[in-house]
Amino acid sequence: MHVPVLLNQVLNYFEPSSGKNYIDATIGGGGHALSILSLTEPNGKLLGIDLSEEAIANLAKIKNQKSILRLRSGLMVSKVEPSKIKNRLILVCDNFSNIKEIVKKNNFSPVHGILLDLGLSTDLIENSKMGFTFMKQEILDMRFNPKTQDLTATMILNQYSKEELTEIFKEYGGERFSHRIANMIVKERKQEKIIMTDQLVKIIKKSLGRYFHVKSLARVFQALRIEVNNELEVLKKGLKNSLDILAPQGRIIVLSYHSGEDRIVKNFFKQTENLKILTKKPIIPDEQEIKENSRARSAKLRVGEKM
Ligand SMILES: C[S@@+](CC[C@H](N)C(=O)[O-])C[C@H]1O[C@@H](n2cnc3c(N)ncnc32)[C@H](O)[C@@H]1O
């Protein structure tokens, strides 16, 4: 089960209670969502969105499960009875940039809170076989939803120009040696098409030589994933559309995991006139949480309230 990041802070800012409605726009393993739902008994509803078909299918199964669910967050364990959430959880497989249309279609209003917990879920890393991590030998695909998306990481690596690759690794990965890496990719792909994660790992290692650090692998993989899923543009659109559907005094909470994302959220919050910023500085997990959940390491949480 995915351990939800900064769960207590999310719950504190949302103040879920009966009759309130929330949207978890990146429901993933449902860690945040099920806790929110359990606090909105008996009348509150939750609309869960995810691009990943598996994520939605797994949650649909939970909905129909007979036995009680135990939700763990750090040392806290809460219990949820599937029968009590069954009719209050609506699941939609779609891109959160379409949140306005999704809400309209499902007649979901008023919306008291929207959560965006960006990036990858543990499940996508561990089980999707889409090449999200350099720690597994898989095909470099990286699409959140292969049915609705065409561009793959393999296409980027074999078709983009050296300049385009350099730009992506620099902008989306913050990689200092992006030029060297791009150079080697272009050279190596002439010999053999780059398809597998381990091929890319070898190329990165070769291009950096004694400057190699495992962080460069993480940066390049992150950059490819962001490009494949057009994540930054999608985030901008999702934020704007989220604000349009939020009820007055409704809150938007965004959890981001790298500087590119956080910058977009910060600027959006600053530039939006009818949004009151509730977190002057982003909230970050304490040492204890990071020790228990390494995914929390780079998390930053920002909250805004619609005026
Ligand atoms: C960090 S996980 C969410 C984890 C969740 N909060 C939990 O507690 O289990 C992010 C999820 O967002 C989904 N996702 C990423 N981009 C998306 C998008 N544009 N629209 C909808 N879902 C997206 C991913 O498929 C992934 O399941």
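Please refer to the structure placed before this passage.
Residues numbered from 1 in each chain as written. Predicted model: local features only at pLDDT ≥ 70, side-chain atom pairs only at ≥ 80, totals over all residues. Heavy atoms only, no water.

### A few points about the overall build of the protein
Our working definition: The helix count covers DSSP runs of H or I at least four residues long, the strand count covers runs of E at least two residues long, and both are numbered beginning at the N terminus. Using C-alpha atoms as the atom set, the radius of gyration is obtained and then compared with a globule rule of 2.2 Å times the number of residues to the power 0.38. Categorising residues by exposure relies on relative accessible area from a 1.4 Å probe, with only protein chains included: less than 20% of the type maximum marks a residue as buried, more than 50% marks it as exposed, and the intermediate range marks it as partly exposed. To be clear on the numbers: accessible area is Shrake-Rupley with a 1.4 Å probe, and residue cover counts the displayed protein chains and nothing else. A positive count includes Lys and Arg, and a negative count includes Asp and Glu. His and the chain ends are not counted in either. For charged residues, the charge sits on one atom: NZ in Lys, CZ in Arg, CG in Asp, CD in Glu.
A count of helical and extended segments in the protein gives 14 helices and nine strands. Taking 307 residues into account, the globule formula puts the C-alpha radius of gyration at 19 Å, and the protein, at 20 Å, falls close to it. Overall, the protein is about 60 × 45 × 40 Å in size when its C-alpha atoms are taken along their principal axes. A burial count over the protein gives 53% of its 307 residues as buried. Total accessible area computed for the protein in this model is approximately 15400 Å², and 50% of it derives from carbon and sulfur atoms. Counting 49 positive and 35 negative side-chain charges, the protein places the centres of these two groups 2 Å from one another.

### Regarding the side chain of threonine 154
Stated formally: We call two residues in contact whenever any of their non-hydrogen atoms come within 4.5 Å of each other.
Within the fold, threonine 154 resides in helix H7 (residues 153-159). Those residues within four positions of threonine 154 in sequence are excluded, and the remaining contacts are Ile139, Leu140, Lys193, Ile194 and Ile195.

### Notes on the packing of helix H8 (residues 162-173) against helix H9 (residues 178-191)
For any two helices packed against each other, one specifies the crossing angle of their axes together with the interaxial distance. To be explicit about the condition: Each axis is a line fitted through C-alpha atoms, and for a helix only the stretch in contact is used; angles between axes span 0 to 180 degrees, taken between their N-to-C directions. Here is the rule for angles: anything less than 35 degrees is roughly parallel, anything more than 145 is roughly antiparallel, 65 through 115 is roughly perpendicular, and the remaining ranges are oblique. Helix crossings get a hand from a simple test, with the near helix turned counterclockwise from the far one by less than a right angle marking a left-handed crossing and a clockwise turn marking a right-handed one.
Contact geometry of H8 with H9 gives a least axis separation of 8 Å together with a crossing angle of 140°. If you check the angle between H8 and H9, you find them oblique. In this structure, H8 crosses over H9, and the sense of that crossing is right-handed. Seen from H8, the contacting residues are Lys162, Leu165, Thr166, Phe169 and Lys170; seen from H9, they are Ser178, His179, Ile181, Ala182, Asn183, Ile185, Val186 and Arg189.

### Focus: the site of the ligand
Threshold: Being near a molecule or strand, for a residue, means having at least one of its heavy atoms within 4 Å of it. N or O atoms closer than or at 3.5 Å make up a polar contact, with two conditions inside protein: a donor-capable atom paired with an acceptor-capable one, and, for residues adjacent in sequence, both atoms drawn from side chains. Classification convention: Asp, Glu, Lys, Arg as charged; Ala, Val, Leu, Ile, Met, Phe, Trp, Tyr, Cys, Pro as nonpolar; all other residues, Gly among them, as polar.
In the region of the ligand, 25 residues are neighbours, and His32, Asp50, Asn95, Phe96 and Asp117 sit closest. In this structure, glycine 29 approaches the ligand through a main-chain N or O atom, which is 3.0 Å from an oxygen atom. The fraction of the free accessible surface of the ligand (610 Å²) that becomes covered by protein chains is 98%. Partitioned by chemical class, the residues of the shell around the ligand number ten nonpolar, eleven polar and four charged.

### Description of the sheet that holds strand S9 (residues 300-306)
Quick note on the threshold: Pairing between two strands is assigned when DSSP locates at least 2 bridges connecting them.
Ordered in space as S5-S2-S1-S6-S7-S9-S8, the seven strands form an open sheet in which the pairing is mixed. Because the sheet does not close on itself, it has two edges, and the strands there are strand S5 (89-93) and strand S8 (275-277). Strand-to-strand, the axes of this sheet are offset by a mean angle of 20°, without reference to chain direction. Note that S8 and S9 share three bridges and pair antiparallel.

### Observations concerning the pairing of strand S6 (residues 111-117)
Regular strands have side chains that alternate between both faces of the sheet. Counting buried positions along S6 yields six of seven residues, so the element is predominantly enclosed. One ladder, built from three bridges, connects strand S1 (residues 21-24) with S6; its direction is parallel. For isoleucine 23, the partnering residue across the bridge sits in S6 and is isoleucine 114. Of the pairings in the sheet, the one linking S6 to strand S7 (residues 246-256) comprises six bridges and is parallel in character. Within S7, the residue paired with isoleucine 114 across the bridge is isoleucine 252.

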